[in-house]
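Residue strings, one per chain:
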Amino acid sequence: MNKEELKLNKYEKLGLKIGLEIHQQLDSSKLFCECPSKLVDEYDYEIVRGLRPTQSELGDVDRAAVEEAQKKLRFKYQVTENNCLVETDEEPPHEPNKNAVNAVLMFSKMVNAKIVDEIYFMRKIVIDGSNTSGFQRTALIAVDGKIDDVKIQTVCLEEDAARKISEENGFVVYRLDRLGIPLIEIATAPDIKTPEQAKEVAEKIGTMLRATKKVKRGIGTIRQDLNVSIKDGARVEIKGVQDLKSIPDVVEKEISRQLRLIEIKNKLNERKAKISHEIFDITMIFEKTECKIIKTMLEKNGKVLGIKLNGLSGLLGDGENRFGKELAGRVKAAGLKGLFHSDELPNFPASKTHKSMQLVNWEVCPNYGITENEVEEIRKNMKLDVNDAFVIVVEKDNIARNGLNIILSRAEECIKGVPEEVRRALPDNTTEYMRPMPGAARMYPETDIPPVRVKKEEIDKIKLPELFDEKIKRFVEAYKISFESAKQLVAQGYDEMFEGFVKKYEPKIVSRVFLNIIPEIEKEEKDVSRIDEKMLDEVFNALKNGRFAKEGLTAVLCSMLTSNIGVEEAIKNTGLGGLSEKEVESVIEKILEEKKEFVKEKGKNAFAPLMGLVMKKLRGKADGKIISSILKRKIKEMVSE
Amino acid sequence: MRAEVLIKKFKAEYGDEIELLTEKNYTKLSNIEFQHKISTEKLSVAEFTGVLMPSHNDIITLKLKNGYNIGVKIDEKTKIVVVKKKEKKIGMLRNIKHLKGKPVISLISTGGTIASYVDYRTGAVHPALTAEELAFSVPELTEKYNVKAKVLFSILSEDMKSEYWRKLAKETASELNSGADAIIIPHGTDTMGYTSAALSFMLKNLTGPVILVGSQRSSDRPSSDASMNLLSAASLSESDIGEVVAVMHGETSDTYSLIHRGTRVRKMHSSRRDAFKSINEKPIGKIDENITFFQDYRKRNKGKTEVNDKIEEKVALIYFYPGLTPEFFDYAVKNNKGLVIAGTGLGHVSSDLIEIIRNAKIPIVMSSQCLNGRVNMNVYSTGRDLLNAGAIPGEDMLPETAFVKLMYVLGQTKKMEEIRKMMTENMVGEISSRTAID
């Protein structure tokens, strides 16, 4: 077996299954109103709203919705110039944007998916506040597509959520500029078998999307979510993986997290652990505490409440995938600032990490100073056995109880193994808990939007875009540029401008401007975003008409940018005004005259050293080819004199 | 092939889980070679499994397992296989205890989007029919108050008629007289102002507040304004107010509700939460954690609430516009027993209509399209001519309130002089003799 096969074998044994969910912003105005799909730095005013979970007739509330409601958060929405009544949930949605619908139809056709005959927008309940309405509007447009041997389960069109700005005093603050931007959502089946393959498929989907030319470019316009599961583990959705390169690492880290949870489960089963639901009020233990965190909270009428986690001692705090971190993630989601647990407090029998003396979570506070005595008191109060762990939180009574109940239910889950949940990818490629996996009850029809009929003729009319591989091949053949140049032009999105220019100008020069000259200018920290098609056309035209030589391209463009002037003025300013052949001849003649002896001595071989000398004087003022041919001729003439 | 025919043919019903088989020409690809392409032309059988939803034309609507609805075109070859018959609905059970010492609220539902809940299987929105169901959508209501609920009718706001007002008035009085501390009337927002005006005139000596409440976002949405409006309305049961009022959002934020007098309230926006405004007077008060009153209001009466539901239904409300023809106007005059005109500015109509008004045997009341402000027909000659012709100035009444009041007044008397007097004098807060500057 070679290395690749060995690897494959390893993941096969783990029962690794990966599915991808790609969200890409489409290049149109918003999906259900005519607001521009642009993010802005400022907002005009704020509005305050609350959301409530809705209940189905069967009495089952969506579990994700309930959990959000437990947080009892209210939301502040920053309304920007790119918002209207639709995003503030004060006006019904308008009809879906046609360009956005067409983009999704095109992609669906590209992956050979079955397109539905009538599109229904649905309301997907999301009450974390990211949608002012409490739901996200989403429509399934196609199913059962394929990319290589990975099945594309669904292709959807949906609206982007509001941007989370901050959390403050029980409010979550969102900005509404992003809300309503159309997104294509592509979900693959869990057909992906290795972390590396996940990256490759994501890359491929990315290139195909860009090939449609109907998607937004740039940071934040594409988001990747992963679904990862292993044998005996569970399906975990990881949201917001930053870039393609980190996909394999995120998967690897999720595998180890799940393996660790399985290990904890096995240990707990050995210990026959059970979770009791009693909450202990142990405020009196801390009446004279030196712990700053607790002291401050007690002054604000907070309480110290604790729970007993039977059999969990030693399992909360060691190893990279500490279970304490799992718990902390849950309470953070519930609006609690932090927790203390026994594995990280001093002198508890099973404690191994007390030296580190750290809070287990995001808030590092090295001097929290809970004493041995206090720990001992807690143990007595809760009647802890040697295998038992405890968690304490200090907060206002109701918040603390809410948090501890959440920890208890998480602890209960750990006896069963890995819980299905939604997690958020962090910059170090680990993940943190976001919310439980949404149930199926969270969608119902958006009655404000009439169904959209998709006619077969319309689908037939959609012309499929040229895929990047094909385009690269064609560029190499048609324009005689290198494979690498062609690839770069396509990858960097210059392909359309390139094809426009090569109708009139030399392909090699056009390609060089895009791939070398512009990056060179950018390196000098000039604002190359101001270089547009019109500006380049002026430059290419002047070059073609011999107004300056191609060696002067960088200088001319630079001058145009810095002084904000036209090409003629730039040529003048740089002193690169092209010389006529006669002028070139006279410059060369002058140099040859000076080096007459040298030429006579070396003959033809004088060319190379002299060319350097000539170019020093003439660079950018005349075409190199012309210079060299004149120089050759003149040397020949001189030698034969 | 029509959807209902096919559904019948295969003995399927909405709500059944079905498999839908259609032959389809799916893959007609262009000549560009896709790497992942399967074939250039292929006839495949599309199979979809899902719950059969109400369908129309030649489209079958399916709810897929993933929650999405999709529409699939059908033809003669389409087949339906019923996989699982729909399950019977399980009723909601929730015990509601009587809370000692807490106010009794009678909830009389008329329909509208408030107090409804959604069937997530079909997406249909149903009105909450019982207190139990209502408790389900706004649990706090039954935690703080003793709520009795009944559905008097279930109609859309725009289908409201004067006979419903009478029924509602009687029911309201009867509930108050049998011990309710407050009446909450969930109502569609479009005609809520008409109903609140009608109840204001018909109900006398109120022993508690009669609160109309609506929602601008249906209550199946997490962002609905229904629950806040309902809870604000319910809090009035603990106050001493005894008037017909409407309680709705005060601003676009979910921060406070406003109490509007029933004869002064008007829907001023087609979709915003804070669409309801008091016109020509300040709102009675504001409700957030507390109730703050901005002006005087009538207190609860001791004794019994009375109803006077005699009204004349043949009254019309006409919106004047440039070019309104005398023929059209004359028809309205001849076919009604009273007329309210929403005139221009201070209370004008084209001079072409003045002769018709002079000859009319019915009361014609003038109000203003400006809504804000009072009619004054002494300023311009047209106004003076209208007054001479017998038009009754409607003071600072809203056109809709003037319309409802005229119906009520005509139910009380047919004598023109009495009608004129009643229409120009304040009865239940619909007219004020002075308007303060805001």
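Residues numbered from 1 in each chain as written. Chains lettered and ligands numbered in written order. Predicted model: local features only at pLDDT ≥ 70, side-chain atom pairs only at ≥ 80, totals over all residues. Heavy atoms only, no water.

Caption draft 1: Structural detail: the overall build of chain A. Assigned secondary structure in chain A consists of 21 helices and 21 strands. Sequence-distant contacts in chain A: of pairs separated by 6 or more residues, those separated by 24 or more amount to 73%. Of the roughly 29,500 Å² of accessible surface on chain A, a fraction of 49% belongs to carbon and sulfur atoms. (Helix = DSSP H or I, 4+ residues; strand = E, 2+ residues; numbered from the N terminus. Contact = heavy atoms within 4.5 Å. Areas by Shrake-Rupley, 256 points an atom, 1.4 Å probe, with all protein chains shown as cover.)

Caption draft 2: Highlighting unusual backbone geometry. For Asp89 of chain A, which is not glycine, the phi torsion reads 65 degrees and is therefore positive. One non-glycine residue, Asn57 of chain B, adopts positive backbone phi at about 45 degrees. Along the chain, Asn57 of chain B falls in the loop between β2 (43–56) and β3 (59–64). For Asn57 of chain B, a relative accessible area of 38% gives the class partly exposed. (Buried < 20%, exposed > 50% of the residue type's maximum accessible area, 1.4 Å probe, protein only.)

Caption draft 3: Main features of helix α20 (residues 607–618) of chain A. All names here are of chain A. Counted at 1.5 Å a residue, the expected span for α20 with its 12 residues is 16 Å, and the 15 Å between its end C-alpha atoms agrees. Those residues of α20 that sit buried are Leu610, Met611, Val614, Met615 and Leu618. Down the axis, α20 shows its buried residues gathered within 140 degrees of arc, on one side only. In this structure, the buried side of α20 is in contact with α18 (581–594), α19 (596–602) and α21 (624–640). Within two residues after α20, Gly620 carries a phi angle of roughly 85 degrees, on the positive side. (Expected span 1.5 Å × (residues − 1). Arc of directions from axis to C-beta.)

Caption draft 4: Structural view of the nonpolar core. Counting 156 residues, the largest nonpolar core has Leu226, Leu309, Leu312 and Phe514 of chain A together with Ile60 of chain B as its most contacted members. Setting aside residues up to four positions removed in sequence, Ile60 of chain B forms contacts with Ala3, Leu6, Ile7, Leu20, Leu52, Ser55, Ile70, Gly71, Val72, Ile74 and Ile80 of chain B. Ranked by size, the runner-up nonpolar core spans 47 residues in total, among them Leu168, Val265, Phe276 and Ile392 of chain B. (Core = buried A, V, L, I, M, F, W, Y, C linked by side-chain atoms within 4.5 Å.)

Caption draft 5: Structural context of the confidence of the model for chain B. Looking at chain B, pLDDT values average 88 and 87% of them are 70 or higher. Counting interchain partners and residues more than four positions distant, the pLDDT-below-50 stretch residues 25–44 of chain B has 51 contacts. (pLDDT = per-residue confidence, 0-100.)

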